[in-house]
Amino acid sequence: MAHTNESMVSEFVLLGLSNSWELQLFFFAIFSIVYVTSVLGNVLIIVIISFDSHLNSPMYFLLSNLSFIDICQSNFATPKMLVDFFVERKTISFEGCMAQIFVLHSFVGSEMMLLVAMAYDRFIAICKPLHYSTIMNRRLCIIFVSISWAVGILHSVSHLAFTVDLPFCGPNEVDSFFCDLPLVIELACMDTYEMEIMTLTNSGLISLSCFLALIISYTIILISVRRRSSSGSSKALSTLTAHITVVILFFGPCVYFYIWPFSRLSVDKFLSVFYTVCTPLLNPIIYSLRNEDVKAAMWKLRNRHVDSWKN
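Described below are features of the structure shown in this document. (Residues numbered from 1 in each chain as written. Predicted model: local features only at pLDDT ≥ 70, side-chain atom pairs only at ≥ 80, totals over all residues. Heavy atoms only, no water.)

Points about the side chain of Lys90
- Considering the arrangement of structural elements, one finds Lys90 in the loop between helix H2 (58–84) and strand S2 (91–93).
- At 6.5 Å, Asp84 is the nearest oppositely charged side chain to Lys90, a buried residue that forms no salt bridge. (Helix = DSSP H or I, 4+ residues; strand = E, 2+ residues; numbered from the N terminus. Buried < 20%, exposed > 50% of the residue type's maximum accessible area, 1.4 Å probe, protein only. Lys, Arg positive; Asp, Glu negative; His and termini not counted. Salt bridge = Lys/Arg side-chain N within 4 Å of Asp/Glu carboxyl O.)

What follows is the structure, encoded as structure tokens:
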């Protein structure tokens, strides 16, 4: 089966994380817990925000959409990785590989833009509180979410348009547990220098521009918060700390991969694990542990179910 006349590869072999059976069992146990916790945690955030009227605000609307993206990101490669721990020859079809590339870059691009939207929401709430309800209405939030998905999909399509027609004639081994775009490009039977430059430019522009926008936004917000001395400022600072923590942990590996996407070191594979498996767990942990409103809503939901169960 061939993709084109020149492309003879119908599947790719994923080398995974380790050849050691003991290590694979260890990884399976750890990543299963992380996967289930991240999915359930993000689902819980969406449920809490949907059913608690006190969380009916733009910030939590954006947070629920961020949780939805993280649920999607949790499922693009992790379930297959968990199954592959028990498979000696880990393969993925050509179409499946291209699908992984597409969905990963769609989710990553969307999450970057959504984090920028959340930073803008915090900027308006803290720096222009009297105009917050006027500016941050539901219509603008829906526009932000729509733009984030549009940017993510366009970002992904621009990668896939060039990758899908590359001539793959062997070898077909990808030294990762999923189809990582730079590793797949390097398998093409042609000089991929121009392709690498395009990938670097595309990915670098969106990641660095979003990261710089976030750094500038939160710097302005922190300066504004420091000038005040009130309980409201303390609560704002606590919320900001949660946002900034997510941004740093999300963009740290992201910027690293996008600046040096074709320079692979031994640590890169484990950073890939953190980025694809562990990152979706950040939001439920950080926002639930640091956000008093979310914690209060969780206890309210729990008590409601306990009371209904007793009755």
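Having seen the model, we can carry on.
Remarks on a nonpolar patch on the surface
- Together, Trp21, Leu25 and Phe86 give the surface a local cluster of nonpolar side chains, amounting to about 310 Å² of exposed area.
- Inspection of the secondary structure puts Trp21 in helix H1 (residues 21–51). (Patch = residues over 30% accessible without salt bridge, like charges linked within 9 Å, V, L, I, M, F, W, Y side chains within 5 Å. Areas by Shrake-Rupley, 256 points an atom, 1.4 Å probe, with all protein chains shown as cover.)

Comments concerning the pairing of strand S1 (residues 11–14)
- The pairing of S1 with S2 spans three bridges and is antiparallel. Within the sheet, the bridge partner assigned to Val13 lies in S2 and is Thr91.
- As paired strands, S1 and strand S3 (residues 173–174) are joined by two bridges and run parallel to one another. In the strand pairing of S3, Val13 is matched with Glu173. (Pairing = 2+ DSSP bridges.)

Topic: the packing of aromatic side chains
- Overall, the coordinates contain 16 aromatic pairs when judged by the stated rule.
- When the ring of Phe26 is compared with that of Phe27, the centres are 6.0 Å apart and the planes differ by 50°; the resulting orientation is tilted.
- A residue is classified by how much of its surface remains accessible, and Phe26, at 48% relative accessible area, is partly exposed.
- For Phe27, a relative accessible area of 11% gives the class buried.
- Taking 6.1 Å as the distance between ring centres and 90° as the angle between the ring planes, the aromatic pair formed by Phe107 and Trp149 counts as edge-to-face. Of this pair, Phe107 sits in helix H3 (residues 94–127) while Trp149 sits in helix H5 (residues 138–163), and the two are 42 residues apart along the sequence.
- Residue Phe107 is classed as buried on the basis of its relative accessible area, which comes to 11%.
- For Trp149, a relative accessible area of 22% gives the class partly exposed.
- Among the aromatic residues, ring-to-ring pairing joins Phe26, Phe27, Phe31 and Phe85 into one connected group. (Phe/Tyr/Trp six-rings, centres within 6.5 Å; stacked < 30°, edge-to-face > 60°.)

A short note on empty space enclosed by the protein
- Under the defined criterion, the tally for this structure stands at three cavities of 30 Å³ or more.
- A volume near 70 Å³ is recorded for the second largest cavity.
- In terms of residue class, the lining of the second largest cavity is built from five nonpolar, three polar and two charged. (1 Å grid on protein atoms, 1.4 Å probe; cavity = no way out; pocket = protein on both sides within 12 Å on 5 of 7 lines; lining within 4 Å. Points joined across faces, edges and corners; volume = space filled by probe spheres on them. Nonpolar A, V, L, I, M, F, W, Y, C, P; charged D, E, K, R; others polar.)

Here we look at the sheet that holds S2
- Strand order across the open sheet formed by three strands is S2-S1-S3, with mixed pairing between neighbours. Two strands close off the open sheet at either side, each with one partner strand: S2 and S3.
- Along the sheet, H3 contacts S1 and S2; its crossing angle with S2, the most-contacted strand, is approximately 85°. (Contact = heavy atoms within 4.5 Å. Axes fitted to C-alpha atoms, helices over the stretch in contact; angles between N-to-C directions.)

Here we look at the state of the cysteines
- All told, the structure shown has two disulfides when counted by the stated rule.
- Across the disulfide, Cys97 is cross-linked to Cys179 (sulfur-sulfur distance 2.1 Å). Its S-S torsion of about -125° marks the bond between Cys97 and Cys179 as left-handed, since a negative value means left-handed. On the criterion of sequence distance, the pair formed by Cys97 in helix H3 and Cys179 in the loop between S3 and helix H6 (181–185) is long-range, its members being 82 residues apart. Each member of the pair, Cys97 as well as Cys179, is classed as buried.
- Across a sulfur-sulfur distance of 1.9 Å, Cys169 and Cys189 are joined as a disulfide pair. In this structure, the disulfide formed by Cys169 and Cys189 twists by about -135° around the S-S bond and is classed as left-handed. Linking Cys169 in the loop between H5 and S3 with Cys189 in the loop between H6 and helix H7 (193–226), this pair joins segments that are 20 residues apart in sequence.
- For Cys169, a relative accessible area of 42% gives the class partly exposed. (Disulfide = S-S within 2.5 Å.)

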